[in-house]
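A look at the structure
Here is how the chains run, residue by residue.
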Amino acid sequence: MSVKSRRSLLFASGALLAVAAVAVPVVVGTAAADPGAAGSGNQARIVGGNQASLADHPYAVYLTDAGGNQFCGAVIVSSTSVATAAHCAKAVAKQDIRVVAGREDKRTSEGQVLGVSKVWVGQGYTDPTQGADVAVLTVRGQFDYRPAKLPDSGDAGLYAKGTQATVLGWGRIADGGARSDYLRSGEVPVVSDSECHSAYTVYDQKTMVCAGYAEGGVDACQGDSGGPLVVGDTLIGIVSFGDGCAKAGKPGVYTRVSTYAKDIEAQAKPRLLG
Ligand code: 4AZ
């Protein structure tokens, strides 16, 4: 979610308005034409990225509401569950959330559409800027696609400044611009905690990690929230918030998955339905 929309939320009254404002930017723009969608050229893809393939990233999925509108990304973490952002899980009622897997192009009917039987939200979550912007959705049925790996204690180095990571999503291709019909990816370097704290006073290195170039140009954007930031097939971040998209000095802020890996794993375990 954007810092700007959160600021306006602070002037609005009440948490219900907040939920409505989070849901708005992700529902608009789905019907807009994508000028680059035919596969020609590689300019202005995502924000500074390129069309991507599910063959390389089969765990990348998206969420729709009951009307079929894509509102967030997510990532398969087991045969029966996805991780996403808490602010995504809270934007739409559980019974109305659908998880779409195996579909690169939103305009097709490829892959799977699964409902959600259970929603777990990160403990203490209130707002993306306060951390714990993580959720696990248990789906009705099983995915035909392999999960991303969760980081373990040996993966601390993946969070070092300069690690090249890949962000994936079906969100806007420019700040305030059209939503993408295709899955897109962008390559972004992990940003140091001190640098990210300079960009965002709310930055908390325990629960968040930043990625992006100092000069901007490549970033997640509205509608990419909840989607994966991976190094290889290891999930290091979940798209959470930022000040606009791809702006100089304003890297994307992601949920630090290593902090929540044990929780995610516990929620992701397939278990017998009671
Ligand atoms: C959003 O509103 C959003 N540039 C997601 C990511 C970023 C900004 C906004 C990061 O879903």
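Per an unreviewed UniProt entry, the protein chain goes by the name Trypsin-like serine protease and belongs to Amycolatopsis mediterranei. As stated in UniProt under Sequence similarities (unreviewed entry), the record for the protein chain gives "Belongs to the peptidase S1 family."

Considerations on the nonpolar core
Counting residues in hydrophobic clusters, the biggest one holds 63 residues, and the most contacted among them are Leu63, Val99 and Tyr254. Among the elements that line this core, the one with the most residues is strand β3 (residues 70-78), at six residues. Beyond its immediate stretch of four places on either side in the chain, leucine 63 contacts Asn69, Gln70, Phe71, Cys72, Gly73, Ala74, Thr84, Cys88, Ile97, Arg98, Val99 and Leu137.

Section: the environment of arginine 172
Relative to the assigned elements, arginine 172 resides in the loop between β8 (164-169) and β9 (184-191). Linking arginine 172 and glycine 223, residues 51 residues apart in sequence, is a C-alpha distance of 6.3 Å. A polar contact of 3.2 Å, which involves the side chain of arginine 172, links it to the backbone oxygen of glycine 176.

Focus: the pairing of strand β4 (residues 81-84)
Burial of β4 is two-sided: the residues Ser81 and Ala83 facing one way and the residues Val82 and Thr84 facing the other way are all buried. Pairing analysis gives three bridges linking β3 to β4, with the strands arranged antiparallel. Note on β4: the bridge partner recorded for isoleucine 76 is valine 82. Pairing geometry for β4 and strand β7 (residues 135-139), over four bridges, is antiparallel. Bridge pairing in β7 places threonine 84 opposite alanine 135.

Details of the confidence of the model for the protein chain
Residue-level pLDDT values for the protein chain average 87, and 83% of them are 70 or greater. Throughout residues 7-45 the model reports pLDDT below 50, and contacts reaching past four residues in sequence, or to other chains, amount to 52 contacts.

Topic: the state of the cysteines
Disulfide: a covalent bond formed between the sulfur atoms of two cysteine residues. According to the stated counting rule, one finds three disulfides in the structure shown. A disulfide bridge connects cysteine 196 with cysteine 210, and the sulfur atoms are separated by 1.7 Å. Taken as a pair, cysteine 196 in helix α4 (residues 193-199) and cysteine 210 in strand β10 (residues 208-211) lie far apart in primary sequence, 14 residues in all. With respect to burial, cysteine 196 and cysteine 210 carry one shared label: buried. Through a disulfide, cysteine 221 is tied to cysteine 245; the S-S separation comes to 2.1 Å. Taking the sign of the S-S torsion, 85° for the link of cysteine 221 and cysteine 245, the bridge is right-handed. Here cysteine 221, found in the loop between β10 and β11 (228-231), pairs with cysteine 245, found in the loop between β12 (234-241) and β13 (252-256); they are 24 residues apart in sequence, far enough to count as distant. Described in terms of the sequence order of its bonded cysteines, the disulfide pattern of the protein chain is 1-2, 3-4, 5-6.

Comments concerning helix α5 (residues 257-268)
A rise of 1.5 Å per residue sets the reference length of α5, with its 12 residues, at 16 Å; its end C-alpha atoms lie only 14 Å apart and thus fall more than 12% short of the reference. Within α5, burial applies to Val257, Tyr260, Ala261, Ile264, Gln267 and Ala268. An end-on view of α5 places all buried positions within 145° of arc, on one side of the element. Contact partners of the buried residues in α5: β3, β4, β6 (112-121), β7, β12 and β13.

What about the sheet that holds strand β5 (residues 98-101)?
Taking strand neighbours around the barrel as the criterion, the six strands line up as β2-β3-β4-β7-β6-β5 in a closed arrangement whose pairing is antiparallel. Each neighbouring strand pair of the sheet contributes to a mean axis angle of 40°, computed without reference to strand direction.

Focus: the environment of glycine 242
Mapped onto the elements of the fold, glycine 242 is located in the loop between β12 and β13. For glycine 242, a relative accessible area of 6% translates into the label buried. Residues glycine 242 and serine 2, 240 residues apart in the sequence, show an inter-C-alpha distance of 5.2 Å.

Considering the pattern of salt bridges
Scanning the entire structure with this criterion turns up six salt bridges. In this structure, arginine 107 and aspartate 105 form a salt bridge, with 3.2 Å as the shortest nitrogen-oxygen distance. Take arginine 107: its relative accessible area is 52%, and that puts it in the exposed class. For aspartate 105, a relative accessible area of 9% puts it in the buried group. A salt bridge links arginine 107 to aspartate 181; its shortest N-O distance comes to 3.4 Å. Of this pair, arginine 107 sits in the loop between β5 and β6 while aspartate 181 sits in the loop between β8 and β9, and the two are 74 residues apart along the sequence.

About the cut-offs
- Residues numbered from 1 in each chain as written.
- Predicted model: local features only at pLDDT ≥ 70, side-chain atom pairs only at ≥ 80, totals over all residues.
- Heavy atoms only, no water.
- UniProt positions renumbered as here; feature names shortened; annotations may be inferred.
- Core = buried A, V, L, I, M, F, W, Y, C linked by side-chain atoms within 4.5 Å.
- Buried < 20%, exposed > 50% of the residue type's maximum accessible area, 1.4 Å probe, protein only.
- Helix = DSSP H or I, 4+ residues; strand = E, 2+ residues; numbered from the N terminus.
- Contact = heavy atoms within 4.5 Å.
- Polar contact = N/O pair within 3.5 Å; in protein donor to acceptor, adjacent residues only side chain to side chain.
- Pairing = 2+ DSSP bridges.
- pLDDT = per-residue confidence, 0-100.
- Disulfide = S-S within 2.5 Å.
- Expected span 1.5 Å × (residues − 1).
- Arc of directions from axis to C-beta.
- Axes fitted to C-alpha atoms, helices over the stretch in contact; angles between N-to-C directions.
- Salt bridge = Lys/Arg side-chain N within 4 Å of Asp/Glu carboxyl O.

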